[in-house]
Amino acid sequence: MKVYADNAATTKISDTALNAMMPCFKDVYGNPSSLHSVGQNAFHAVRDARAQIADILNCKSDEIYFTSGGSESDNWAIKGTAELMAKKGKKHIISTKFEHHAVLHTLKYLEKNGFEITLLDVYENGIIHIDDLKKAIREDTALVTVMFANNEIGTVQPIREIGAVCRERGVLFHTDAVQAVGHLPIDVQNDNIDMLSMSGHKFHGPKGIGALYCKNGIRLPNLIEGGAQERNRRAGTENVPAIVGMAAALKEAADNLSENTKKLCEIRDRVIDGLLKIPSSRVNGDRTARLPGNVSMCFEGVEGESLLLYLDMVGIQASSGSACTSGSLDPSHVLLSIGLPHEIAHGSLRLSFCEENTLEQADYIIEQVPPIIKRLRDMSPLWERLQKERGNA
């Protein structure tokens, strides 16, 4: 059996998205900035896609700006706000310890350039405390940026409450919602969100396309200079096929959100319950405030990389954490941030499901993982030492 369980890294493009894109390669191929009919056909395709995305997020069309993906959207929102607010003497930014590196590395860049960064604790369950945020906000706080849902352990933050605190204190609020868009209900108005980042390939759209929601009235400096595209805010000829594909994929996800959520929660919970029967295993993050398709676990005495290789041999594609750091031998900063020691954090497994996965695949995972864990532990000096310390050897 083949099981693709790494959808948090990327999803397969849907037939709906692909079919929407095809005319843009052969018929609607014009430059949206051109005044002739071929160009205007492309312009209208982009316009309609923008309106479709805005409708799903409950914002205005002119608050959606197309980018190359989540990382660019994060950089634009954070660097742009920093530059904007520094002119007002505000050079303090609040975030969390387990953000995606697109956020953390951007914050490090700003820190080297005179900004002060406060990273909130996320505790064992992977969720911030609202009181910590309230205490951290200062008169010179320029921005709060907190991810909607974590890309590794899947925990979902109390975004609406965070946004409400920021509104009350007059601080701009940005959320990296790359893992959440298409998988959780999002309403930027009711959720008190000023800026939001998203990426098409996380919900069965194409790669290389994303968007930034930026509330009207927030005039971010341009991240990319050049032509007059995106209402003079983001230069570069629009990627029309990808924009259209992302919008089609998001509409399909939104239309089926309730049904998909129910199915994914059933798969997720079955896998977690099954794998928790393995001795010295644990779930990372909150059991309920988490993405419907996310399973994140650690197994003592096991190296995550070896576990992934053995799983691939039996047809299961998974991850030990973020795809952006999969080449690193260091334990995940996300797992360390929730208090796991290095030796346990090294034995992590992330399974991320989509609506194409099945309960039969869940049972196959539950069947295949335990003997692989046993095999790896039989070869592990760390596991042998742990057993001796516990008197089990």
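Structural data are supplied above this passage.
Residues numbered from 1 in each chain as written. Predicted model: local features only at pLDDT ≥ 70, side-chain atom pairs only at ≥ 80, totals over all residues. Heavy atoms only, no water.

### What about the overall build of the protein chain?
Right, on to step 1. The secondary structure content of the protein chain amounts to 14 helices and 12 strands.
Right, on to step 2. Taken over the C-alpha atoms alone, the protein chain extends approximately 75 × 50 × 35 Å along its principal axes.
Right, on to step 3. Taking all 393 residues of the protein chain together, 56% fall into the buried category.
Right, on to step 4. In the protein chain, once contacts between residues fewer than 6 apart in sequence are set aside, the share between residues at least 24 apart is 73%.
Right, on to step 5. Taken together, the 43 basic and 50 acidic charged side chains of the protein chain have centroids lying 2 Å from each other. (Helix = DSSP H or I, 4+ residues; strand = E, 2+ residues; numbered from the N terminus. Buried < 20%, exposed > 50% of the residue type's maximum accessible area, 1.4 Å probe, protein only. Contact = heavy atoms within 4.5 Å. Lys, Arg positive; Asp, Glu negative; His and termini not counted. Charge placed at Lys NZ, Arg CZ, Asp CG, Glu CD.)

### Remarks on the environment of Thr-288
Right, on to step 1. If you trace the backbone, Thr-288 turns up in the loop between strand S9 (281–283) and strand S10 (294–299).
Right, on to step 2. Taking relative accessible area as the criterion, Thr-288 reaches 66% and is therefore assigned exposed.
Right, on to step 3. Residues Thr-288 and Cys-265 lie 23 residues apart in sequence; the distance between their C-alpha atoms is 9.4 Å.

### What to know about the side chain of Glu-238
Right, on to step 1. Take Glu-238: it is sitting in the loop between helix H7 (229–232) and helix H8 (240–255).
Right, on to step 2. No salt bridge is formed by the buried Glu-238, whose closest oppositely charged neighbour, Arg-50, lies at an N-O distance of 5.5 Å.
Right, on to step 3. Ignoring sequence-local partners within four residues, the contact set of Glu-238 consists of Asn-31, Pro-32, Ser-33, Val-46, Gln-229, Glu-230 and Ile-243. (Salt bridge = Lys/Arg side-chain N within 4 Å of Asp/Glu carboxyl O.)

### Considering the packing of helix H1 (residues 15–26) against H8
Right, on to step 1. The geometry of H1 relative to H8 is characterised by a closest axis approach of 8 Å and an angle of 155 degrees between their N-to-C directions. As summarised for this structure, H1 and H8 are arranged roughly antiparallel, according to the angle between their axes. H8 is crossed by H1, and the crossing has right-handed handedness. Across the interface between the two elements, Thr-16, Ala-17, Ala-20, Met-21, Cys-24 and Phe-25 from H1 touch Val-240, Pro-241, Ala-242, Val-244, Gly-245, Ala-248, Ala-249 and Glu-252 from H8.
Right, on to step 2. Its residues placed into classes, the contact of H1 with H8 shows 11 nonpolar, two polar and one charged. (Axes fitted to C-alpha atoms, helices over the stretch in contact; angles between N-to-C directions. Parallel < 35°, antiparallel > 145°, perpendicular 65-115°, else oblique. Left-handed = near helix turned anticlockwise from the far one by under 90°. Nonpolar A, V, L, I, M, F, W, Y, C, P; charged D, E, K, R; others polar.)

### Things to note about the state of the cysteines
Right, on to step 1. Taken as a whole and judged by the stated rule, the model has zero disulfides.
Right, on to step 2. No disulfide involves Cys-166; its sulfur sits 15 Å from the nearest other cysteine sulfur, which is in Cys-214.
Right, on to step 3. Accessibility expressed as a relative area gives 0% for Cys-166, which makes it buried. (Disulfide = S-S within 2.5 Å.)

### Thoughts on the pairing of S10
Right, on to step 1. Among the six residues of S10, six are classified as buried, and the element is accordingly described as predominantly covered.
Right, on to step 2. In S10, alternate side chains face the same way, and those of Asn-294, Ser-296 and Cys-298 on one face and Val-295, Met-297 and Phe-299 on the other are all buried.
Right, on to step 3. Across three bridges, S9 lies against S10 in antiparallel orientation. Counterpart to Arg-282 in the pairing with S10 is Cys-298.
Right, on to step 4. In terms of strand pairing, S10 meets strand S12 (residues 348–352) through five bridges, oriented antiparallel. Across the sheet, the residue bridging to Val-295 is Leu-351, located in S12. (Pairing = 2+ DSSP bridges.)

### Quick notes on the nonpolar core
Right, on to step 1. Core analysis: the biggest nonpolar cluster contains 63 residues, and Ile-162, Leu-196 and Met-198 have the highest contact counts within it.
Right, on to step 2. In terms of residue count, the dominant contributor to this core is H8 (eight residues).
Right, on to step 3. Among residues more than four places away in sequence, those in contact with Leu-196 are Leu-57, His-174, Thr-175, Ala-177, Val-181, Ile-186, Val-188, Ala-211, Leu-212 and Tyr-213.
Right, on to step 4. With 28 residues, the next largest nonpolar core counts Val-3, Ile-267, Ile-278 and Ala-318 among its residues. (Core = buried A, V, L, I, M, F, W, Y, C linked by side-chain atoms within 4.5 Å.)

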